[in-house]
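# Residue-level structural notes
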Amino acid sequence: MWGGRFASGPDAIMEEINASIDFDRRLYAQDIAASKAHAAMLAKQGIIARDDAVKIARGLDTILSEMEGGKFRFKRALEDIHMNVEARLADLIGPAAGRLHTARSRNDQVATDFKLWVRDAIDAIDAALAGYQHTLAEKALAHAATVMPGFTHLQTAQPVTFGHHLLAYVEMAARDRSRFADARKRLNESPLGSAALAGTSFPLDRTMTAKALGFDRATANSLDAVSDRDFVLETLAAASIAAVHLSRFAEEIVIWCSPLAGLARLSDKFTTGSSIMPQKRNPDAAELVRAKTGRIFGALTALTVVMKGLPLAYQKDMQEDKEGAMDALSALTLCIAAMTGMAADLKPDTARMKTAAGAGYSTATDLADWLVRTLKIPFREAHHITGHIVAAAERAGLPLEKLPLATMQAAEPRITKAVFEVLSVERSVASRVSYGGTAPDNVRREAKKWLKKLDKTARAR
């Protein structure tokens, strides 16, 4: 491969540390697509003969078929996907294969291939997240009025609906999709034709290859084009935030499914048993989503450390951009699929949710709001009065809605029996009608809006 400059082959250790074919073989489809676009452009510009371009295209199609059929023999001695393809092309079409590498380098070639791969991965992740949103929105619509406890500090705070809780994750996924879309937009410039680092003296039409590969434009600076890995970092950053959101929901599922909480249950499809304790039902799928998040964070951190001290332009350090990123994006895709499955499978215990929603004097804020709204008491004073009433209820061992009116009037004489109309958990959630609130009608409207939007987007794909 190195031609006349080197008199002997590499040491076995050098070959081992230098080879990337074990993981960059996943770029085969992108490498072949970019090579076909490059050859077509070279022929159009008169840089290579049209007959050679036709042979190259046919040979590349044969290689693609071999790879897709599992018949291609990858060779570690050839280091990477690019040289494996080029060597096989030479076997198939002879000397014409050597013309393919005219006016390009492996530096711009790998940058192009990996951009195409990351772009494809983003598109797949976006579709998976849309499916996850759809599943959540469907369940939210079905449980728009199912009351559950809302928590702050993992302490019962105020009643909410299960549907409202699920829609919170729909919103998170929407922001995740937006971040991936932004990353995709920024990466969508073609490095092909930047060659090693300085461009080339051949009269290339880089706009032609960019268009053929679905890029918006060609990159404007050859040095930046071959040494940029922002597109990987940004995608991994988006993946890390998405993983955080999935992990948070996974953690909640673990908590809800614990017998101590007992708010929901997963079926056998997403749980496992114990080798020694026959009664166990472990939410392992949720736990593994929680754990795989660390792999995704690790890939972002590792590549950030690799890139932070590199001068322009390409350095071999940048070969470390692929393996971790590929693993991380594959892990994220699996996590989205698992969370989608669990979201569909999750069965809330509605009776227990309702009971838990009323525990811990969760409608105390409704009482304070009633004092403000009905008696025109300033909120801070109403908060203080409500605190006294809650303390009295605790001493009596009674929920607020069972506390005698006289006990409440001891804290504020003007309280009337009308106060009991706001102290049930159903009345509490129904009253939260502000935009973005948990009132069942709000939840139904938002769930339907999301389903309509997601269905429309799916039809447009």
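Residues numbered from 1 in each chain as written. Predicted model: local features only at pLDDT ≥ 70, side-chain atom pairs only at ≥ 80, totals over all residues. Heavy atoms only, no water.

### Quick notes on helix α6 (residues 106-142)
Stated formally: In this description a helix means any DSSP run of H or I spanning at least four residues, a strand means any run of E spanning at least two, and both kinds are numbered starting from the N terminus. Given the number of residues in a helix, its expected span is that number minus one, multiplied by 1.5 Å. The buried label goes to any residue with under 20% of its type's maximum accessible area, the exposed label to any with over 50%, and the partly exposed label to all in between, with areas taken from a 1.4 Å probe on protein chains only. The term polar contact refers here to a pair of N or O atoms within 3.5 Å; inside protein, the definition further demands a hydrogen-donor-capable atom paired with an acceptor-capable atom, and it admits residues adjacent in sequence only when both atoms are side-chain atoms.
Taking 1.5 Å per residue as the helical rise, α6 with its 37 residues ought to reach 54 Å, and the 54 Å between its terminal C-alpha atoms agrees with that figure. Buried residues dominate α6, accounting for 28 of its 37 residues. Of the residues that open α6, the one with a side-chain oxygen 2.9 Å from the backbone nitrogen of N107 is S105.

### Looking at the environment of I122
Inclusion rule: Contact definition: two residues touch when any of their heavy atoms are within 4.5 Å.
Within the element layout of this structure, I122 appears in helix α6. Judged by its relative accessible area of 2%, I122 falls in the buried class. A C-alpha to C-alpha distance of 9.4 Å links I122 and A239, two positions 117 residues apart in sequence. When neighbours within four sequence positions are excluded, I122 is seen to be in contact with F180, A183, R184, L187 and T235.

### As for empty space enclosed by the protein
Vacant regions in the atomic arrangement are exposed by a probe of water-molecule size rolled over the atoms. Selection rule: Within this scheme a cavity is a closed region of a 1 Å grid, computed over the protein atoms alone, that accommodates a 1.4 Å probe without allowing it to escape, whereas a pocket is open but has protein on both sides within 12 Å along at least five of seven lines; lining residues each have an atom within 4 Å of a point. Grid points are joined across faces, edges and corners, and a volume is the space filled by probe spheres set on the points. Classification convention: Asp, Glu, Lys, Arg as charged; Ala, Val, Leu, Ile, Met, Phe, Trp, Tyr, Cys, Pro as nonpolar; all other residues, Gly among them, as polar.
Tallied over the entire structure, the rule returns one cavity of 30 Å³ or more. Roughly 40 Å³ of volume is contained in the largest cavity. Along the lines of polarity and charge, the residues of the lining of the largest cavity split into three nonpolar, three polar and one charged.

### As for the environment of L60
Mapped onto the elements of the fold, L60 is located in helix α4 (residues 50-68). Each C-alpha atom of the pair L60 and E86 lies 9.0 Å from the other, and the pair is 26 residues apart in sequence. In this structure, L60 is in contact with I32, S35, K36, V85 and L89, ignoring residues within four places of it in sequence.

### Focus: the packing of aromatic side chains
Stated precisely, the cut-off is as follows: The criterion for an aromatic pair is that two Phe, Tyr or Trp rings (for Trp, the six-membered ring) have centres within 6.5 Å, with stacked assigned to planes under 30 degrees apart, edge-to-face to planes over 60 apart and tilted to the rest. Definition used: whenever NZ (Lys) or CZ (Arg) falls within 6 Å of the ring centre and also within 35 degrees of the ring normal, the charge is taken to sit over that ring.
A full pass over the atoms with the stated rule returns six aromatic pairs. A ring pair is formed by F249 and W256, whose centres lie 6.2 Å apart and whose planes are at 70 degrees; its orientation type is edge-to-face. Counting every residue linked through ring pairs, the aromatic cluster contains F162, Y169, F249 and W256. Sitting over the face of the ring of F215, R119 holds its NZ or CZ atom 5.0 Å from the ring centroid. Directly above the aromatic system of F114 lies the positively charged group of K322, at a separation of 5.7 Å from the ring centroid.

### Structural notes on the pattern of salt bridges
Where we set the bar: By convention in these notes, a salt bridge is any Lys or Arg side-chain nitrogen within 4 Å of a carboxyl oxygen on Asp or Glu.
Under the criterion given, the structure shown has 24 salt bridges. With a closest N to O distance of 3.2 Å, D22 and R76 form a salt bridge. On the criterion of sequence distance, the pair formed by D22 in helix α2 (residues 21-24) and R76 in the loop between α4 and α5 (81-93) is long-range, its members being 54 residues apart. Taken together, the salt bridges that share partners define one network made up of E16, D22 and R76.

### Focus on the packing of helix α7 (residues 162-187) against helix α10 (residues 230-257)
The condition is simple: Each axis is a line fitted through C-alpha atoms, taken for helices only over the stretch in contact, and angles between the N-to-C directions span 0 to 180 degrees. For this classification, under 35 degrees means roughly parallel, over 145 means roughly antiparallel, 65 to 115 means roughly perpendicular, and everything else is oblique. Take the far helix as the reference: if the near one is turned anticlockwise from it by less than a right angle, the crossing is left-handed, and if turned clockwise, right-handed.
Viewed as axis vectors pointing N to C, α7 and α10 meet at an angle of 170 degrees, and their least axial separation amounts to 8 Å. Comparing their axes, α10 and α7 come out roughly antiparallel. In this structure, the crossing between α7 and α10 has a hand that is left-handed. Among the residues making up the contact of α7 with α10, the classes are represented as 14 nonpolar, three polar and eight charged.

### What to know about the nonpolar core
Convention followed: Nonpolar cores were defined as sets of buried Ala, Val, Leu, Ile, Met, Phe, Trp, Tyr and Cys residues, with membership established by side-chain atoms within 4.5 Å.
Ranked by internal contacts, the top residues of the largest apolar core, which has 94 residues, are F114, Y132, F180, F249, L332, M339 and M342. Here this core takes 14 residues from α10, the largest share from any one element. For F114, the contacting residues outside a window of four places in its chain are L27, F231, V232, D321, K322, A325 and M326. Counting residues in each nonpolar core, the second largest holds 20 residues, with L403, M408, I415 and L423 among its members.

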